[in-house]
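Reading the structure
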Amino acid sequence: KLGALPLWAYAVAIYSVGQFLASPIWGYLCSIYRSENTLYASLLIGIVGGLLYATARTGVEILIARLLIGLYTGSQEACHRTIVVRCTTDNERTVAQAGVSTATVLGFLFGPALAGIFFFKPLGPVYFLGVPLRLDTFTGPGWLIVVFCFISSFFVTIGLTQEQTKGLPQCVDPANDAKKTSQGYEALPAAEEARYGALEREDAKAKGVVRDLEKEICTSRMPIRVSGIIICGLVLFVNALGFSAYETITTPLVKNDFGWDLLYADLLFVAAGIVCILVFFIIRLTSASVEDRYLLLCGVLFSTAGYGLMLEFFDNRMNLIRFLIGFAAVNAAMELNRSVTMSLASKILPPASRHHGLLQGLLISCVACARIIGPMYAVWVWNATDRDKFSQGHWVFVGLFLCFFITTIAYAASFDYLRSYRDLYNQWLQSKGQLVSEKMKT
């Protein structure tokens, strides 16, 4: 114990605090510095945190180690997602973000099981510089982090060599053409077409018209739909809140209501991991033909329906069939919401913006904040209610259902603000192209 609460409660919370703090910082740094350097700095923090966790002898050392590991995981995910945004087109991004989300979720679901499998037989202690080194279910995760950090460093060194920005076409300044072309930028299609037409005709007046229109387009700034980004953050926060809350109470719930032991509860989470993998392939098949905002609408509706199915309507015992269907729906929606939200938010920003890393980091911070609040909410409601009329899990799911119900209404009201910047840009550019044609005719 550490004070009035058990040590694990502080350890779980401080891990999320580390994620919350590191994500926006590393996301911003990844936008302005080379990705290799930011990743190496993150991996170094992971190595130090893993070693400290594996060799910790006091509660304070464990908490410091957990904070460092939280900083490591938050910074890693922010860098990964920023690199995905930087290196993918709009059509590729949703699938790529889904891959990152699937790997993250599978780590949460399978990590405890793998620790139990690989470290069921304690080894040690072996003394190194007077420090006892052990390998068991408590120290094993720390050693795994160290090993995976070194493996990741190797892949960063050999694999992350060059990144290509695939942004929107940029306005071309004749004095800067060569520089911008080398950076992967192109001229505005409508303006470029009109420019070449003017040059071919050697029409000085037409050249002046096109030059004025190019200047107007370059100096014009489409407003960024901040409300769409806020809605994405809300969906991501509520999604993570629900995930962390039901993850906290699932094991005692199935034990109290269905008489399951720990093995069956673990198998339930393994099944949840399989559902996440299936959702990844569904996203891969549908993302090219379905807009992200429609995919996310499906995810929000599935979450609302899933938590609704897990409510009790007649007695104080959870219905097994409805619980399993709701559990599957919630897990499928959780993976869909997390993947599509990160992709959709990046598409609302201009592709050439330097704030993509900061945005990805802030969204991950929303997840970390929800993972602090979710378990606290679940435990508080669980302990504050009794089983006279409904089970304790029922009241937890009531709160989550209401959260998603309100989120669904807010999402539907803001649906038009969730269009990608590229779609709005093309619509705007088309209107400018029509203006070019009209002035050329004049």
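The preceding data block contains the structure.
The sections below set out a description of the structure shown in this document. The structure presented is a predicted model; accordingly, all values stated were derived computationally and were not measured. (Residues numbered from 1 in each chain as written. Predicted model: local features only at pLDDT ≥ 70, side-chain atom pairs only at ≥ 80, totals over all residues. Heavy atoms only, no water.)

Looking only at helices and strands, the protein features 15 helices and two strands. For the protein, the proportion of its 442 residues judged to be buried stands at 45%. For the protein, the share of sequence-separated contacts (at least 6 apart) that also reach a separation of at least 24 residues comes to 77%. Surface accessibility of the protein: about 22300 Å² in total, with carbon and sulfur atoms responsible for 67%. (Helix = DSSP H or I, 4+ residues; strand = E, 2+ residues; numbered from the N terminus. Buried < 20%, exposed > 50% of the residue type's maximum accessible area, 1.4 Å probe, protein only. Contact = heavy atoms within 4.5 Å. Areas by Shrake-Rupley, 256 points an atom, 1.4 Å probe, with all protein chains shown as cover.)

Turning our eyes to something else, we now look at the packing of aromatic side chains. Aromatic ring pairs are reported here in terms of the distance separating the ring centres and the angle at which the planes meet. Within the structure shown, the criterion is met by 14 aromatic pairs. Residues Tyr246 and Phe327 carry aromatic rings whose centres are separated by 5.5 Å and whose planes lie at 75° to one another, so their mutual orientation is edge-to-face. Placement of the pair is Tyr246 in helix α9 (residues 226-258) and Phe327 in helix α12 (residues 320-348), with a sequence separation of 81 residues. Side by side, Tyr246 and Phe327 carry an identical accessibility label, which is buried. Ring geometry for Tyr307 versus Phe404: centroids 5.6 Å apart, planes at 25°, classification stacked. Of the two residues, Tyr307 is situated in helix α11 (residues 292-309) and Phe404 in helix α14 (residues 392-413); the sequence distance between them amounts to 97 residues. Since its relative accessible area comes to 2%, Phe404 is described here as buried. (Phe/Tyr/Trp six-rings, centres within 6.5 Å; stacked < 30°, edge-to-face > 60°.)

For the coordinates displayed, the defined rule picks out four cavities of 30 Å³ or more. Estimated volume of the largest cavity: approximately 100 Å³. What lines the largest cavity is simply Thr104, Val105, Phe108, Leu236, Asn239, Ala240, Phe243, Met334, Arg338, Val367 and Arg371. Of all elements in the fold, only α4 (90-118), α9, α12 and α13 (356-384) reach the threshold of two or more residues within the lining of the largest cavity. Per element, the largest residue contribution to the lining of the largest cavity is four residues, and it comes from α9. Among the residues forming the lining of the largest cavity, the class breakdown is seven nonpolar, two polar and two charged. (1 Å grid on protein atoms, 1.4 Å probe; cavity = no way out; pocket = protein on both sides within 12 Å on 5 of 7 lines; lining within 4 Å. Points joined across faces, edges and corners; volume = space filled by probe spheres on them. Nonpolar A, V, L, I, M, F, W, Y, C, P; charged D, E, K, R; others polar.)

What follows is about the packing of α9 against helix α10 (residues 262-286). Packing of α9 against α10 brings their axes to within 9 Å, and their N-to-C directions diverge by 140°. With respect to their mutual orientation, α9 and α10 come out oblique. At the point where α9 passes α10, the crossing takes the right-handed sense. In this structure, α9 uses Glu247, Thr250, Thr251 and Val254 to contact α10, whose residues at the interface are Leu262, Ala265, Leu268 and Phe269. Of the residues assigned to the contact of α9 with α10, the class counts are five nonpolar, two polar and one charged. (Axes fitted to C-alpha atoms, helices over the stretch in contact; angles between N-to-C directions. Parallel < 35°, antiparallel > 145°, perpendicular 65-115°, else oblique. Left-handed = near helix turned anticlockwise from the far one by under 90°.)

Moving on, we come to α12. Taking 1.5 Å of rise per residue, the 29 residues of α12 would be expected to cover 42 Å, and the 41 Å separating its terminal C-alpha atoms lies within 8% of that figure. For α12, the buried fraction is high: 23 of the 29 residues fall into the buried class. Near the N-terminus of α12, the side chain that reaches the backbone nitrogen of Ile321, with its oxygen 3.2 Å away, is that of Asn319. (Expected span 1.5 Å × (residues − 1). Polar contact = N/O pair within 3.5 Å; in protein donor to acceptor, adjacent residues only side chain to side chain.)

We now examine the pattern of salt bridges. Summed over the entire model, instances satisfying the criterion amount to seven salt bridges. Between Arg293 and Glu291 there is a salt bridge; the shortest N-O distance is 2.8 Å. Owing to a relative accessible area of 10%, Arg293 belongs among the buried residues under this scheme. The network of salt bridges with common partners includes Glu77, Arg81 and Arg338. (Salt bridge = Lys/Arg side-chain N within 4 Å of Asp/Glu carboxyl O.)

Formed by 78 residues in total, the largest nonpolar core has its most connected members in Tyr246, Leu253, Tyr307, Phe323 and Phe397. Considering every element that reaches this core, the biggest residue donor is α9, with 15 residues. Setting aside residues no more than four positions away along its own chain, Phe397 makes contact with Tyr246, Ile249, Leu253, Tyr307, Met310, Leu311, Met318 and Phe323. (Core = buried A, V, L, I, M, F, W, Y, C linked by side-chain atoms within 4.5 Å.)

With that settled, consider the side chain of His394. Position of His394 among the secondary structure elements: in helix α14. Polar side-chain contacts of His394 include one of 3.0 Å to the backbone nitrogen of Glu312. Those residues in contact with His394 that lie beyond four places of it in its chain are Leu311, Glu312 and Met318.

To continue, consider the side chain of Ser346. Locating Ser346 in the fold gives a position in helix α12. Take Ser346: its relative accessible area is 1%, and that puts it in the buried class. Only 2.6 Å separates the side chain of Ser346 from the backbone oxygen of Ser343, close enough to count as a polar contact. If we skip the residues at most four places from it in the chain, Ser346 touches Val85, Arg93, His356, Leu359 and Gln360.

For any two helices packed against each other, the geometry comes down to the angle between their axes and how far apart the axes lie. Two elements in contact, α9 and α13, have axes whose closest approach is 7 Å; the angle formed by their N-to-C orientations is 35°. Taken as a pair, α9 and α13 cross one another with a handedness that is right-handed. Here the residues of the contact of α9 with α13 are counted per class, giving 23 nonpolar, five polar and two charged.

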